[in-house]
Amino acid sequence: MTSRRPASPWVLTLWWGAIGALASFGVAGLASIGLFLLVGAAVLLGVALAVPELRRPCVPGLLVGLSIAPLYIAWLNRSGPGLVCTTTSDQSSSCVDQWSPWPFVATGVLLAVGGLGLLVHDRWRSGRSAAAVAGAAGSSSRT
């Protein structure tokens, strides 16, 4: 008989982070490849719900994954808001209208900081409860 170990907390965080990233890029790119990304997120979610080791709630990883798309969109619009023109080495120019990156930065940072804060709090709480169990086991009277 084989014993199954629970998945590493970092594996869980990466798994749920991938689900969040696929979902956020899927929503952001819904007009082009977003549907395929949402299907990928649904497949990963289905696997996570089917495998007991992956079912442990890992909201922090999901939040950090969701923050990736807004931060990427903010990076793409870093020269905005307004009309931004670029000139190449062969003297051709192109102009694009960019959005303000700040709403995307705020959304991405809030999601990332919230997810990382929950992750640190969860690790701190689990370490603290393990120490309390170890301390209680060590202080029991021996006969």
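You'll find the structure just up there.
The notes below deal with the structure included here. (Residues numbered from 1 in each chain as written. Predicted model: local features only at pLDDT ≥ 70, side-chain atom pairs only at ≥ 80, totals over all residues. Heavy atoms only, no water.)

### Things to note about the packing of aromatic side chains
- On inspection of all chains with the given rule, the structure shows 2 aromatic pairs.
- Relative to Phe 104, the ring of Trp 99 lies with its centre 5.7 Å away and its plane at 10°, an arrangement referred to as stacked.
- Over the aromatic face of Trp 75 sits the side chain of Arg 78, whose NZ or CZ is 4.1 Å from the ring centroid. (Phe/Tyr/Trp six-rings, centres within 6.5 Å; stacked < 30°, edge-to-face > 60°. Lys NZ or Arg CZ within 6 Å of the ring centre and 35° of its normal.)

### Thoughts on the pairing of strand S2 (residues 93-98)
- Note that strand S1 (residues 82-87) and S2 share 6 bridges and pair antiparallel. Across the sheet, the residue bridging to Thr 87 is Ser 93, located in S2.
- Connecting S1 to the antiparallel partner S2 that follows it, the hairpin turn spans 5 residues, and Gln 91 within it adopts a positive phi of roughly 65°. (Pairing = 2+ DSSP bridges. Helix = DSSP H or I, 4+ residues; strand = E, 2+ residues; numbered from the N terminus.)

### Section: the packing of helix H1 (residues 9-28) against helix H3 (residues 59-76)
- The interhelical angle for the contact between H1 and H3, taken along N-to-C directions, is 35°, at an axis separation of 6 Å. In this structure, the crossing between H1 and H3 has a hand that is right-handed. Counting all contacts with H1, which are made through Thr 13, Trp 16, Gly 17, Ile 19, Gly 20, Ala 21, Ala 23, Ser 24, Phe 25 and Ala 28, the residues of H3 involved are Gly 61, Leu 62, Gly 65, Leu 66, Ile 68, Ala 69, Tyr 72 and Ile 73.
- When the residues that make up the contact of H1 with H3 are grouped by side-chain class, the tally is 12 nonpolar, 6 polar and no charged. (Axes fitted to C-alpha atoms, helices over the stretch in contact; angles between N-to-C directions. Left-handed = near helix turned anticlockwise from the far one by under 90°. Contact = heavy atoms within 4.5 Å. Nonpolar A, V, L, I, M, F, W, Y, C, P; charged D, E, K, R; others polar.)

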